[in-house]
Amino acid sequence: QVQLVESGGGSVQAGGSLRLACAASGFTFSTAWHCMAWFRQAPGKEREGVAAINSRSDSTNYADSVKGRFTISRDNARNTLYLHMNSLTPEDTAMYYCAAKPFTRCPLRLNKDDFQYWGQGIQATVSS
């Protein structure tokens, strides 16, 4: 059974950093192509794609709003996805979700409807 479990959220001041992690089980990064991604959803807003990475490629894509500040990465040995968030602003406050689409290469555009598996979400709050 596929499970995704996020960790690493919390509250920081503007300009600070957070690192989110997503531990995956039920499938293995290193044995096939999988798309792993981060989405976020603020209160009253739609869920939007933040960043994505392939399990067997260094290619990534980012939302324009986070490009240059956030970095998505993975550790295949640990079967874990990460999101390093730097230079945070209050506009980054949201619930962040890990998402996976096994046996699929990541598209250039992130559509939440394309992803089959989701973590429970983890809150990141940025204060001014």
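In this text, all values refer to a predicted model and were calculated from it rather than measured experimentally. (Residues numbered from 1 in each chain as written. Predicted model: local features only at pLDDT ≥ 70, side-chain atom pairs only at ≥ 80, totals over all residues. Heavy atoms only, no water.)

Per the counting criterion, the structure on display carries two disulfides. Between the sulfur atoms of C35 and its disulfide partner C106 the distance amounts to 2.0 Å. Across the S-S bond linking C35 and C106, the dihedral sits near 105°, which makes this disulfide right-handed. With C35 in strand 4 (residues 34-41) and C106 in the loop between strand 9 (94-102) and strand 10 (117-118), this residue pair connects regions lying 71 residues apart in the sequence. Looking at C35, the relative accessible area reads 1%, which means it is buried. Assessed through its relative accessible area of 16%, C106 is described here as buried. (Disulfide = S-S within 2.5 Å. Helix = DSSP H or I, 4+ residues; strand = E, 2+ residues; numbered from the N terminus. Buried < 20%, exposed > 50% of the residue type's maximum accessible area, 1.4 Å probe, protein only.)

Counted according to the given criterion, the structure contains five aromatic pairs. Here the aromatic rings of Y97 and W118 are separated by 6.5 Å at their centres, their planes lie at 80°, and the arrangement is edge-to-face. Residue Y97 is found in strand 9, and its partner W118 is found in strand 10; the two are separated by 21 residues along the sequence. A relative accessible area of 26% places W118 in the partly exposed class. A centroid spacing of 6.4 Å and a plane angle of 65° characterise the contact between F115 and W118, whose relative ring orientation is edge-to-face. The exposure class assigned to F115 is buried, which follows from its relative accessible area of 6%. By way of ring pairs, the aromatic residues F39, Y97, F115 and W118 are connected into one cluster. Here the guanidinium or amino end of R47 rests over the ring plane of W118, the centre of that ring lying 4.8 Å away. (Phe/Tyr/Trp six-rings, centres within 6.5 Å; stacked < 30°, edge-to-face > 60°. Lys NZ or Arg CZ within 6 Å of the ring centre and 35° of its normal.)

Below, the discussion takes up unusual backbone geometry. Even without being a glycine, N79 presents a positive backbone phi close to 55°. If you trace the backbone, N79 turns up in the loop between strand 7 (70-75) and strand 8 (80-85). With a relative accessible area of 9%, N79 lands in the buried category. Within the chain, S87 stands out as a residue other than glycine whose phi angle is a positive 50°. Relative to the assigned elements, S87 resides in the loop between strand 8 and strand 9.

Sheet architecture is open: four strands sit in the order 1-3-8-7, paired in antiparallel fashion. The sheet terminates laterally at strand 1 (3-7) and strand 7, the two strands that pair on one side only. Averaged over neighbouring strand pairs, the angle between their axes works out to 15° when direction is ignored. Direction of pairing for strand 3 (residues 18-25) relative to strand 8: antiparallel, over a ladder of six bridges. (Pairing = 2+ DSSP bridges. Axes fitted to C-alpha atoms, helices over the stretch in contact; angles between N-to-C directions.)

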